[in-house]
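# A closer look at the structure
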Amino acid sequence: MSGGIEFANRRSRAGEYLAEQKLDALLVSALPNINYLTGFTGSNGLLALSDAEAWLFTDPRYQVQAAEQCDCKVRICRSSLARAASTLARRKRWKKIGFESTRLSFAASREVQGALPSSAELMPTSGILERLRSIKSEDEIESIRHSVALCSEAFSDVLAGIRPGVRECELAAELDYRMRRLGAERSAFDTIVASGARTALPHAEPTSKAINSNELLLIDMGATLSGYASDMTRMVHLGPPPQKTKRLHRAVLDAQLAALDAVRDGVTAAFVDRQARQLLRTHKLDALFVHSTGHGLGLEIHEPPRIGKGEKTLLRAGMVITIEPGVYIDGFGGIRIEDTVVVTRTGCKILTEAPKELLVI
Ligand code: ZN
Ligand code: ZN
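Residues numbered from 1 in each chain as written. Chains lettered and ligands numbered in written order. Predicted model: local features only at pLDDT ≥ 70, side-chain atom pairs only at ≥ 80, totals over all residues. Heavy atoms only, no water.

### Points about the packing of aromatic side chains
- Counted under the stated rule, the structure contains two aromatic pairs.
- Judged by centre distance (5.5 Å) and plane angle (90°), the rings of Phe40 and Tyr62 are edge-to-face. In this pair, Phe40 is assigned in the loop between α2 (31-38) and β2 (46-49) and Tyr62 in the loop between β3 (54-58) and α3 (63-69), connecting sequence segments 22 residues apart.
- Over the aromatic face of Phe332 sits the side chain of Lys244, whose NZ or CZ is 4.2 Å from the ring centroid. (Phe/Tyr/Trp six-rings, centres within 6.5 Å; stacked < 30°, edge-to-face > 60°. Helix = DSSP H or I, 4+ residues; strand = E, 2+ residues; numbered from the N terminus. Lys NZ or Arg CZ within 6 Å of the ring centre and 35° of its normal.)

As structure tokens, this is what we get:
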């Protein structure tokens, strides 16, 4: 759990950035960013942040909750939050007001601009808070560790009961239920369960297809616990796997290990991505690896940095990322192996404890 002091520290770090950029204030509209800066977990909010103060605007449904969760000023609004924030900006005589250009809708930005005096200017910003969030505190890493452990436990509980004939959607529901029973607020994203040739769809949605004997099974799942996400992919085979499947799994696992081996403070995200691709190239499989090697995660399931081609972002100690290479053969099937890891000064610490060999049941 994050304490009040941590929220105040985060806001003061964001405030330093505002001063550097010569912004009088920042309007924070992304709910995970508001959560990060104030602790507020409601579904409607707008935060106005200056280098000295913060005001959360929300609606009457959250009057009690906001007062309990937030250590900043709270304004309960019966109509538009954007207009209420503009009124504050007018009163404070803010001239340069940043907004989250990738997070605030065009309509809402027009509404804010419309309510501001003509002397005030809305300035687009992007990624300010996401960059701050990308390096996790010890408390945050601990929260992610618990989320990862819960996910692994739910996986192994459900794995024991998988039988031929169970449908993909039933298995996905079982995994979600188990995560909730173990204390998760929810699954961190729609659980992926794919079987047979459907494993070749990197983002398969579970269907009513039955999982048969002698089929490959891909499970990609994550929990949200105390607000923090986990993310794991494991491969299962019902019955003895054929040579081709074993070979593919070995190649992907080697690629995953090569990428994990490359992770450490100071390397670029692209460098890590390249290690996985180069390993797959030695098996002539690199063309079948159609997505990036991984992504940051925390309050959201996908956060910067992206671990992909051309990504110049330097990995830093305290970042939490996934490493998840995969190969996908249309008509045959796909293999992906994914762990959640913390970047350290000299390497990385793998948080995911579930075994990652091809599980045969
Ligand atoms: Zn995943
Ligand atoms: Zn992932």
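### Description of the side chain of Glu303
- By secondary structure assignment, the location of Glu303 is in strand β14 (residues 303-307).
- In terms of polar contacts, Glu303 uses its side chain to reach the backbone amide nitrogen of Glu300, at 2.9 Å.
- Residues contacting Glu303, with those up to four places away along its chain left out, are Arg133, Lys136, His295, Gly296, Leu297 and Gly298. (Polar contact = N/O pair within 3.5 Å; in protein donor to acceptor, adjacent residues only side chain to side chain. Contact = heavy atoms within 4.5 Å.)

### Looking at the coordination of the zinc ion (ligand 1)
- Protein coordination at the zinc ion (ligand 1) comes from Asp220 (OD), Asp220 (OD), Asp231 (OD) and Glu338 (OE), with a distance range of 2.0 to 2.6 Å.
- For the zinc ion (ligand 1), the four donor atoms are set out with angles of 55 to 149° between them, so the coordination reads as irregular.
- Going along the chain, you hit the donors of the zinc ion (ligand 1) in the pattern D-x10-D-x106-E.
- Here the zinc ion (ligand 1) and the zinc ion (ligand 2) are spaced 3.2 Å apart, and both take Asp231 as a donor. Residue Asp220 is found in strand β9 (residues 216-221), and its partner Asp231 is found in the loop between β11 (228-229) and β12 (232-237); the two are separated by eleven residues along the sequence.
- Relative accessible area serves as the criterion here: at 4%, Asp220 is assigned to the buried category.
- Judged by relative accessible area, which is 4%, Asp231 ranks as buried. (Donors = N, O, S within 2.8 Å, 3.2 Å for Na, K, Ca; no water. Tetrahedral: all angles 85-135°; square planar, octahedral: opposite > 155°, others 65-115°. Buried < 20%, exposed > 50% of the residue type's maximum accessible area, 1.4 Å probe, protein only.)

### Brief notes about the packing of helix α7 (residues 138-159) against helix α8 (residues 168-181)
- Contact geometry for α7 and α8: axes closest at 9 Å, N-to-C directions at 135°. As judged from the angle between their axes, α7 and α8 are oblique. Of the two possible hands of crossing, α7 and α8 adopt the one that is right-handed. Taken together, the residues of α8 that come into contact with α7 (itself represented by Leu150, Ala154, Phe155, Asp157 and Val158) are Leu171, Glu174, Leu175, Arg178 and Met179.
- When its residues are assigned to classes, the contact of α7 with α8 shows seven nonpolar, no polar and three charged. (Axes fitted to C-alpha atoms, helices over the stretch in contact; angles between N-to-C directions. Parallel < 35°, antiparallel > 145°, perpendicular 65-115°, else oblique. Left-handed = near helix turned anticlockwise from the far one by under 90°. Nonpolar A, V, L, I, M, F, W, Y, C, P; charged D, E, K, R; others polar.)

### Comments concerning the nonpolar core
- Core analysis: the largest hydrophobic core is formed by 34 residues, its most contacted members being Val263, Val272, Leu280, Leu315, Ile321, Ile323 and Ile335.
- Among the secondary structure elements, those contributing two or more residues to this core are β8 (192-195), β9, α9 (243-262), α10 (269-282), β15 (320-323), β16 (326-329) and β18 (339-343).
- Among the elements that line this core, the one with the most residues is α9, at eight residues.
- Non-local contacts of Val263, meaning those with residues more than four positions away in its chain, are made with Val272, Leu315, Ile321, Ile323, Val343, Gly347 and Cys348.
- Counting residues in hydrophobic clusters, the runner-up holds 33 residues, among them Cys70, Ile141, Tyr228 and Leu351. (Core = buried A, V, L, I, M, F, W, Y, C linked by side-chain atoms within 4.5 Å.)

### Focus: the coordination of the zinc ion (ligand 2)
- Every protein donor of the zinc ion (ligand 2) is accounted for by Asp231 (OD), His295 (NE2), Glu324 (OE) and Glu338 (OE), and the metal-donor separations fall at 2.1 to 2.2 Å.
- For the zinc ion (ligand 2), the four donor atoms are set out with angles of 78 to 154° between them, so the coordination reads as irregular.
- The sequence motif formed by the donor residues of the zinc ion (ligand 2) is D-x63-H-x28-E-x13-E.

### Quick look at the pattern of salt bridges
- Following the criterion strictly, the structure yields 26 salt bridges and no others.
- Notably, a salt bridge pairs Glu300 with Arg133, separated by 3.0 Å at the nearest N-O pair. With a gap of 167 residues between them, Glu300 in the loop between β13 (294-296) and β14 and Arg133 in helix α6 (residues 128-134) connect regions that are remote in the sequence.
- Among the ionic pairs, Glu324 bridges to Arg336, the shortest N-O distance being 3.8 Å. Here Glu324, found in the loop between β15 and β16, pairs with Arg336, found in strand β17 (residues 333-336); they are twelve residues apart in sequence, far enough to count as distant. (Salt bridge = Lys/Arg side-chain N within 4 Å of Asp/Glu carboxyl O.)

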